[in-house]
Amino acid sequence: MKEFIYNGQPSRVVFGPGTLSNLAREVDELGMRRVLVLSTPNQEQEAGEIAGPLAERLSGIYQKAQMHVPLNVVREALAEVHRLKADSIVTFGGGSTIGLGKAIALETGLPILAIPTTYAGSEMTPIYGITEGGLKRTGRDPRVFPRTVIYDPLLTASLPPSLSITSGINAIAHAAEGLYARDNNPISNLMAEEGIRALAKALPMIYRNGADVGARSLALYGAWLCGAVLGSVGVALHHKLCHTLGGSFNLPHAEVHTIVLPHAMAFNASAAPDAMAIISRAFGCGVDGSAATSLYDLAKNNGAPTTLREIGMSEADLDSAAEIAVSSPYWNPRAFGPEQRAEIRQLLQDAFDGAQP
Ligand code: NAD
């Protein structure tokens, strides 16, 4: 076996349908006495409902979390933390809400208990991001890592069908890139393969019936594993392209991941054959199957977008997107610096058109 480093993740996971009922117990376990609950405006009502059983442990609810964690929202939430003398954070929602909790923890060191309601996986990473003046500053810090995560699949049943599929493929993207990350290791690879297998099986079931608790459980289990991969190893070309398209062209996060992933896999296939074989195996199509095709079909057959055109990208911006991506590349098994500008431009064109990879 080759030499490797594995960083274990120090969080407690409480998993299963109905486990939200253990929230007060888990809050006590962490010694939280004055909890501030966070949510987006969309999930305000549900946040109020989950906060009820906290009784005297609740200091307040801040329901203005927004996509990409704008600095003005962080400042306002921090003012609430001080005003209410909160000693801890409970995040109820997806990556946007968890992102706000992380920004608060970065500044104050307050502990986070996360209750994820999408498959984005942020609750399993020490990665934070805060946006100011159109620029997202990201970093890693152990202070932002949630201490406890309650994964209750019943909370994901309300995820709209389209977001269910794209959010699930967003999770798969973390695992797929983790398989060829520079610092990948046998443990992260195990989690990645199992996470992809679970989501590849669950998403078509959810597409057929979003209320299927078994499928929702399997998807959330897969999302946990894929998030843990993102939390422990690096990312490459695919995430660079998605950060570029999301950050500079304001395209929706999970949809961009869904559309770009098959094309990023096709670009990297020859440079990362072992990773591709594992992805194919996780899809149940044997090592000779194409990872890129499996991912493309998963999106296409389950109602997810397959073209950047349909989510609002302008074709005229593809040149500058390629330029931004290649001018500060991430590490990738196949180089994609300025010399590969034409290939990356073609990849983006394929994603724009939704070409079969
Ligand atoms: P999101 O948190 O922005 O949620 C999208 C919308 O869906 C929101 O309006 C939300 O209220 C609603 N929603 C969430 N769960 C719901 C449910 N169960 N039922 C009904 N509506 C629900 O979406 P996301 O994809 O989870 O998060 C995207 C953000 O997370 C991006 O900003 C991304 O950069 C970030 N992210 C960060 C990391 C990390 O490690 N730091 C990892 C993944 C994603």
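1. Let's talk about the site of the ligand
For the ligand, the set of nearby residues contains 22 residues, the closest of which are T40, N42, S96, T118 and T125. The contact in question runs from a nitrogen atom of the ligand to an N or O atom on the side chain of T117, over 2.7 Å. One nitrogen or oxygen atom from the side chain of S158 is found 2.8 Å from a nitrogen atom belonging to the ligand. For the ligand, whose free accessible area comes to 860 Å², the fraction covered by protein is 85%. Ranked by residues supplied to the shell around the ligand, first place goes to helix α4 (residues 95-108) with three residues. Tallied by class, the residues present in the shell around the ligand amount to seven nonpolar, 13 polar and two charged.

2. Quick notes on the nonpolar core
Residues L36, I89, L100, I104, Y119, M265 and I279 are the most contacted members of the largest nonpolar core, which totals 71 residues. In terms of residue count, the dominant contributor to this core is helix α7 (residues 213-232) (eight residues). Contact partners of L36, with chain neighbours within four places excluded, come to S59, G60, I61, Y62, A77, V81, L84, A86, S88, I89 and V90. Grouped together as the second largest cluster of nonpolar side chains are 25 residues, L245, F249, V260 and L348 included.

3. Focus: the packing of aromatic side chains
Scanning all chains against the criterion turns up four aromatic pairs. Where F15 meets Y151, the ring centres are 6.0 Å apart and the plane angle is 45°; that geometry is what we call tilted. Separated by 136 residues along the polypeptide, F15 in strand β1 (residues 12-15) and Y151 in strand β8 (residues 148-151) bring together distant segments of the chain. Here F15 falls in the partly exposed class, since its relative accessible area comes to 29%. Residue class for Y151 comes out buried when judged on its relative accessible area of 0%.

4. Some thoughts on the side chain of E177
Note that E177 resides in helix α5 (residues 161-178). Among the polar contacts listed, one links the side chain of E177 to the backbone nitrogen of H238, at a separation of 2.9 Å. Once residues lying within four places of it in the same chain are set aside, the contact partners of E177 are G234, V235, A236, L237, H238, H239, M265 and N268.

5. Digging into the sheet that holds strand β4 (residues 88-93)
Overall, parallel pairing links the six strands, which are arranged β1-β8-β5-β4-β2-β3 in an open sheet. Only two strands of the sheet have a single partner each, and these edge strands are β1 and β3 (58-62). Mean inter-strand twist for the sheet, computed between neighbouring axes without regard to direction, equals 15°. Contacts from helix α2 (residues 44-51) reach β2 (35-38), β3, β4 and β5 (112-116) within the one sheet, and its direction differs from that of β3 by about 170°. Against the sheet, α4 touches β2, β3, β4 and β5, its axis set at about 165° to β4.

6. Here's the deal with the environment of V149
Following the sequence through the fold, V149 ends up in strand β8. Between the C-alpha atom of V149 and that of V14, which follows or precedes it by 135 residues, the distance is 6.2 Å. Excluding its chain neighbours within four sequence positions, the residues that come into contact with V149 are R12, V13, V14, A114, P116, E123 and M124.

7. A few points about α7
In this model α7 runs 29 Å from its N-terminal to its C-terminal C-alpha over 20 residues, within 8% of the 28 Å that 1.5 Å per residue would give. Counting buried positions over the 20 residues of α7 gives 15, a clear majority of the element. With a side-chain oxygen lying 3.0 Å from the backbone nitrogen of G214, the N-terminal cap of α7 falls on D212.

Criteria and cut-off values
Residues numbered from 1 in each chain as written. Predicted model: local features only at pLDDT ≥ 70, side-chain atom pairs only at ≥ 80, totals over all residues. Heavy atoms only, no water. Near = heavy atom within 4 Å. Polar contact = N/O pair within 3.5 Å; in protein donor to acceptor, adjacent residues only side chain to side chain. Areas by Shrake-Rupley, 256 points an atom, 1.4 Å probe, with all protein chains shown as cover. Helix = DSSP H or I, 4+ residues; strand = E, 2+ residues; numbered from the N terminus. Nonpolar A, V, L, I, M, F, W, Y, C, P; charged D, E, K, R; others polar. Core = buried A, V, L, I, M, F, W, Y, C linked by side-chain atoms within 4.5 Å. Buried < 20%, exposed > 50% of the residue type's maximum accessible area, 1.4 Å probe, protein only. Contact = heavy atoms within 4.5 Å. Phe/Tyr/Trp six-rings, centres within 6.5 Å; stacked < 30°, edge-to-face > 60°. Pairing = 2+ DSSP bridges. Axes fitted to C-alpha atoms, helices over the stretch in contact; angles between N-to-C directions. Expected span 1.5 Å × (residues − 1).

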